[in-house]
Amino acid sequence: MIEAFGASDPGCVRANNEDYFLVDEKFGLYVVADGMGGAQAGEHASRLAVETVRDIIRSNSGIRSNPDGAVPDQLVNAFVEANQRVMRAAEADPAMEGMGTTMVAALEHGDELHIDSVGDSRAYLFEQCRLRQLTEDQTWVNEVGRRLGLEEAMLKNHPMRHVLTMAVGVSDQLRVHTYQMQPSPGVQLLLCTDGLHGVISEEQIEKTLASNDSLEAKCRQLIATARAQGGPDNITAVLLKTS
């Protein structure tokens, strides 16, 4: 059994909220997306991507394992379809040109969690009072800067630090990072946008998740902490706990 709660906030600077999230406990699906694009395009991209994933997972809910015992990666297929739908929507409306979105999702399958990500929205595991990042950012900093050996202090202020190397809706060739895990009872999984993890430290996240508060209280505390530190971007958190 998984308990879950999600919340989103525009932050202290942005007039609109381009983040979008889904908590669907019936189908065991949890998604966070961070849209980008001019005018209303970012909001449209994140919502369209998440709703596409939701619709595909729901429509495939009766599909069981393949005859050879392998589990079909429905989540990857849903990400690929979301990518195509966002691209088609952008092509059909000049006002939506250039839109895209990051996305991270967790899907229950028996006692496993399948986690997929594109871009820099992240999944963290909190277990035995320790926080661990599960996903790998698809960003210039992570995929280029670090491989060039640039120091972390330099990367924090590098002019390319906000550049994504992959997003949903920007390329036919979508690179989806996939992960699987069998969470123990009592562990927590945090899905969040960079308006959260890019603003507050992992120590602050760890401290909040270690409390005895409810999942709702923890989500709201994480958002409040990001706002207290300037809230320069939209802030979204979805928190899961196994039992």
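Residues numbered from 1 in each chain as written. Predicted model: local features only at pLDDT ≥ 70, side-chain atom pairs only at ≥ 80, totals over all residues. Heavy atoms only, no water.

Undergrad: Any chance you could explain unusual backbone geometry here in plain terms?
TA: A positive phi angle, near 55°, is found at Gln-128, a position not held by glycine. Residue placement: Gln-128 occurs in the loop between β6 (122-127) and β7 (130-133). Relative accessible area serves as the criterion here: at 74%, Gln-128 is assigned to the exposed category. (Helix = DSSP H or I, 4+ residues; strand = E, 2+ residues; numbered from the N terminus. Buried < 20%, exposed > 50% of the residue type's maximum accessible area, 1.4 Å probe, protein only.)

Undergrad: What's the story with the pattern of salt bridges in this structure? I'm lost.
TA: Should their charged atoms come close, side chains of opposite charge can pair. Scanning the model with the defined rule gives nine salt bridges in all. Linked through salt bridges whose partners overlap, the residues forming this network are Glu-81, Arg-85 and Arg-88. (Salt bridge = Lys/Arg side-chain N within 4 Å of Asp/Glu carboxyl O.)

Undergrad: Any chance you could explain the pairing of β6 here in plain terms?
TA: Within a regular strand, side chains alternate between the sheet's two faces. Among the six residues in β6, five count as buried, and that is most of the element. Sheet analysis places β6 next to strand β9 (residues 188-192), joined by five bridges and oriented antiparallel. In the strand pairing of β9, Arg-122 is matched with Cys-192. Here β6 pairs with β7 via four bridges, running antiparallel. Bridging from a neighbouring strand, Phe-126 pairs with Leu-131 of β7. (Pairing = 2+ DSSP bridges.)

Undergrad: Would you take a moment to explain helix α2 (residues 74-92) for this structure?
TA: The α-helix winds at 3.6 residues per turn, so residues separated by three or four positions along the chain end up facing the same way. Relative to the 27 Å expected for 19 residues at 1.5 Å per residue, α2 spans 27 Å between its end C-alpha atoms, a close match to the ideal helical length. Packed against the buried residues of α2 are β3 (29-36), α1 (41-59), β4 (100-109), β5 (112-118) and β8 (177-181). (Expected span 1.5 Å × (residues − 1). Contact = heavy atoms within 4.5 Å.)

Undergrad: Explain the sheet that holds β4 here, please?
TA: By definition, the strands of a sheet pair up through backbone hydrogen bonds, in either a parallel or an antiparallel sense. What the five strands build is an open sheet, ordered β2-β3-β4-β5-β8; its pairing is antiparallel. Among the strands making up the open sheet, the edge pair consists of β2 (19-24) and β8. Each strand axis lies, on average, 10° off the axis of its neighbour in the sheet, ignoring direction. By the bridge criterion, six bridges tie β2 to β3 in an arrangement that is antiparallel. By the bridge assignment for β3, Asp-19 is matched with Asp-34. Relative to the sheet, α1 contacts β2, β3 and β4, its axis offset from that of β3 by approximately 155°. (Axes fitted to C-alpha atoms, helices over the stretch in contact; angles between N-to-C directions.)

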